[in-house]
Amino acid sequence: MTSDLPRVVGLDISLTGTGIATPTTADTITPGGRRGIERIQYIRDCILGDLLDHEPDLVVIEGPSYGSQGGQAHDRAGLWWAVRLLCVEAYPVPVAVVPPATLKRYATGRGNADKAAMAVAAYKRLGRELADDNSVDALWLRAA
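My aim in this report is to walk through the structure given alongside it, one point at a time. (Residues numbered from 1 in each chain as written. Predicted model: local features only at pLDDT ≥ 70, side-chain atom pairs only at ≥ 80, totals over all residues. Heavy atoms only, no water.)

Assigned secondary structure in the chain consists of five helices and five strands. Traced from its N-terminal end to its C-terminal end, the chain shows the element sequence β-β-β-α-β-α-β-α-α-α. On C-alpha atoms alone, the chain measures out to a radius of gyration of 15 Å, which is about the 15 Å that the 2.2 N^0.38 rule sets for 144 residues. Referenced to the eigenvectors of the C-alpha coordinate spread, the extents of the chain come out at roughly 40 × 40 × 25 Å. Expressed as a percentage of the 144 residues in the chain, the buried residues total 38%. Counting contacts in the chain only where the partners sit at least 6 residues apart, residues at least 24 apart contribute 60% of the total. Accessible area for the chain stands at about 8,100 Å²; split by element, carbon and sulfur atoms hold 52% of it. (Helix = DSSP H or I, 4+ residues; strand = E, 2+ residues; numbered from the N terminus. Rg over C-alpha atoms; globule rule 2.2 N^0.38 Å. Buried < 20%, exposed > 50% of the residue type's maximum accessible area, 1.4 Å probe, protein only. Contact = heavy atoms within 4.5 Å. Areas by Shrake-Rupley, 256 points an atom, 1.4 Å probe, with all protein chains shown as cover.)

Right, dumping it as structure tokens:
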């Protein structure tokens with residue numbers, strides 16, 4: 001029996017732990033000790049594998065956080081665009097981009113919710129308790 005519901009994958013793109021929520025799981029891709037381009041390629045390749053496995057009708061990714069402080073802004077931007085282009089060129093699927101504040105507002109009712117509030121909302125509203133905030137965000141992206 002097939003479902004008429006669209007297959008949606010949520011991606012919370014991060015250099016240290018990319019959250020991915022598929023119709024059956026929510027997990028985090030961790031790059032281990034990889035750095036630079038090897039890290040970006042590893043995360044991209046893992047995402048491609050999941051896309052090929054789940055054949056989504058839509059991928060929902062969190063938009064860049066333009067106000068983020070700290071190092072590796074160049075690598076973060078490179079990873080975001082590598083994944084974004086992957087969905088357009090290597091695995092052609094429509095992509096929806098959700099700004100971080102919009103995602104938080106959808107999940108909790110507040111656009112400035114912290115990671116703990118997002119996790120509590122996932123438990124209360126979606127009945128899911130997840131291991132880390134990357135998979136929580138990815139689950140909310142998928143739900144949105």
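With that out of the way, let us pick up the sheet that holds strand β2 (residues 18–21). With respect to topology, five strands assemble into an open sheet ordered β3-β2-β1-β4-β5, the strand pairing being mixed. The open sheet is flanked by β3 (26–29) and β5 (95–98), the only strands paired with a single partner. Geometrically, the sheet is characterised by an average inter-axis angle of 20 degrees between neighbouring strands, direction not taken into account. By the bridge criterion, four bridges tie strand β1 (residues 8–12) to strand β4 (residues 58–62) in an arrangement that is parallel. Bridging from a neighbouring strand, L11 pairs with I61 of β4. Against the sheet, helix α1 (residues 36–54) touches β1, β2, β3 and β4, its axis set at about 155 degrees to β3. Along the sheet, helix α5 (residues 133–143) makes contact with β1, β2, β3, β4 and β5, crossing β1 at roughly 140 degrees. (Pairing = 2+ DSSP bridges. Axes fitted to C-alpha atoms, helices over the stretch in contact; angles between N-to-C directions.)

Quick look at α5 now. Of all eleven residues that make up α5, eight are buried, and the element is covered over most of its length. Every buried residue belonging to α5 is among N134, S135, V136, D137, A138, L139, W140 and L141, and all of these are buried. The opening residue of α5 is D132, an N-cap whose side-chain oxygen sits 2.9 Å from the backbone nitrogen of N134. (Polar contact = N/O pair within 3.5 Å; in protein donor to acceptor, adjacent residues only side chain to side chain.)

With that settled, the discussion passes to the nonpolar core. Membership of the largest hydrophobic core comes to 20 residues, with the highest contact counts inside it found for L11, I13, I47, L51, V59, I61 and L79. Of all elements in the fold, only β1, α1, β4 and α2 (73–90) reach the threshold of two or more residues within this core. Here this core gets five residues from one element, more than from any other, and that element is α2. V60, L130, A138 and L141 belong to the second-largest nonpolar core, a separate cluster that totals 16 residues. (Core = buried A, V, L, I, M, F, W, Y, C linked by side-chain atoms within 4.5 Å.)

With the rule as written, the count across this model stands at zero disulfides. Sulfur of C46: no disulfide; nearest cysteine sulfur belongs to C87 and is 14 Å away. (Disulfide = S-S within 2.5 Å.)

Now for the packing of helix α3 (residues 100–108) against helix α4 (residues 115–126). The contact between α3 and α4 brings their axes to 9 Å, and the two run at 40 degrees. On the basis of the axis angle, α3 is oblique to α4. The crossing of α3 and α4 is left-handed. Two secondary-structure elements touch here, α3 through L103, K104, Y106, A107 and T108 and α4 through A117, M118, A121 and R125. (Parallel < 35°, antiparallel > 145°, perpendicular 65-115°, else oblique. Left-handed = near helix turned anticlockwise from the far one by under 90°.)

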